[in-house]
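Per-entry structural report
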Amino acid sequence: MLQRHRRPLLVAAALVGAAVLACWLLAKTTNEIPHSTGLDALVAARAYPAGLRDAAHAIAGLAEPATAIVTVGVIAVIAWRRDGPRAAVLVAAVASIVVVTTIAKDLPGRDTSLPSGHVAYATALGGFVALELLRLRLFATAAAVVVLAALMGPARLIDGAHLPIDVVTGAGLGAAWLVTAEVLGRPWVLDRASGMAARGS
């Protein structure tokens, strides 16, 4: 689906990734971009209805480690059964964005909540699942997945875990990661899947 625009998409992903990297470096090394030390004051100044906070917390819980491991595992198994082991590897590669964001925030420098790992994960994996559903012509389900993934950003703001810049950079990084994985990894998966189909015929 994305292969016909391979080069422009890779260039766009590289530019977005570079922008996120620049924001991260500024947050880690300077005061030019807000970082996590400003979160307490920001959250204390906002009052959200309890029901809205509960909903935000529930959405954020979809990207917590235990839930994410189960979710990625189920998607990987489905992908394996449908397109072979390479498809499961692609799922794991897409979901591994959360490892990148965790390492980035733990590196030496100022404490920073940028980029949001929850948002990056939701964007990358949600986008991956939505693309798979579109390939199956399950348009309504794909739209629902996109909406749920898009709600992760507002949920993290309402939950008091992130600043807007964290959400924006998380979404950008997740989208760039997804595009790169799809453009580079999808042909590799399809080659394997077509080979399996040929042997089975």
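**A short note on the side chain of threonine 169**
Within the secondary structure layout, threonine 169 lies in helix α10 (residues 164-200). Its relative accessible area of 4% is what places threonine 169 among the buried residues. When neighbours within four sequence positions are excluded, threonine 169 is seen to be in contact with Val20, Cys23, Leu114 and Pro115.

**Overview of helix α5 (residues 85-95)**
Looking at α5, one finds that the buried residues are Ala87, Ala88, Leu90, Val91, Val94 and Ala95. Each buried residue of α5 lies within a common arc of 155° when the element is viewed along its axis, so the set occupies one face.

**As for helix α4 (residues 65-83)**
The end-to-end C-alpha separation of α4 is 26 Å, in line with the 27 Å expected for 19 residues at 1.5 Å each. All of the buried residues in α4 are Ala68, Val72, Ile75, Ala76, Ala79 and Asp83. Buried residues in α4, looked at end-on, bunch into an arc of 105°, giving them a common side. Facing away from the buried side of α4, by more than 90 degrees, are the exposed residues Ala66, Ile69, Val70, Ile78, Trp80 and Arg81. Positioned one or two residues after α4, glycine 84 has a phi angle of 95°, which is positive.

**Some remarks on the environment of arginine 82**
In this fold, arginine 82 is placed in helix α4. Classification of arginine 82 by relative accessible area gives partly exposed; the value is 42%. Not counting the four nearest positions on each side in its chain, arginine 82 is found in contact with Glu132 and Leu136.

**Digging into the confidence of the model for the protein**
Averaged over the protein, the pLDDT score is 87; the fraction of residues at 70 or greater is 87%. Per-element averaging of pLDDT across the protein places helix α2 (residues 39-44) at the bottom with 53 and helix α8 (residues 139-150) at the top with 96.

**What about the pattern of salt bridges?**
With the rule as written, the count across this model stands at seven salt bridges. The salt bridge partner of arginine 82 is aspartate 83, with a shortest N-O separation of 3.4 Å. Look at aspartate 83 and you get buried, because its relative accessible area is 14%. One continuous salt-bridge network, built from bridges that share partners, spans Arg82, Asp83, Glu132, Arg135, Glu182 and Arg186.

**Overview of the nonpolar core**
Among the nonpolar cores identified, the biggest contains 32 residues, and Val72, Val91, Val94, Tyr121, Leu125, Phe128 and Met152 are the most heavily contacted of them. Counting only elements with at least two residues in this core, the list comes to α3 (50-61), α4, α5, α7 (117-135), α9 (152-158) and α10. Considering each element in turn, this core owes the most residues, seven residues, to α7. Beyond its immediate stretch of four places on either side in the chain, phenylalanine 128 contacts Ile75, Leu90, Val91, Val94, Leu178, Glu182 and Arg186.

Basis of the calculations
Residues numbered from 1 in each chain as written. Predicted model: local features only at pLDDT ≥ 70, side-chain atom pairs only at ≥ 80, totals over all residues. Heavy atoms only, no water. Helix = DSSP H or I, 4+ residues; strand = E, 2+ residues; numbered from the N terminus. Buried < 20%, exposed > 50% of the residue type's maximum accessible area, 1.4 Å probe, protein only. Contact = heavy atoms within 4.5 Å. Arc of directions from axis to C-beta. Expected span 1.5 Å × (residues − 1). pLDDT = per-residue confidence, 0-100. Salt bridge = Lys/Arg side-chain N within 4 Å of Asp/Glu carboxyl O. Core = buried A, V, L, I, M, F, W, Y, C linked by side-chain atoms within 4.5 Å.

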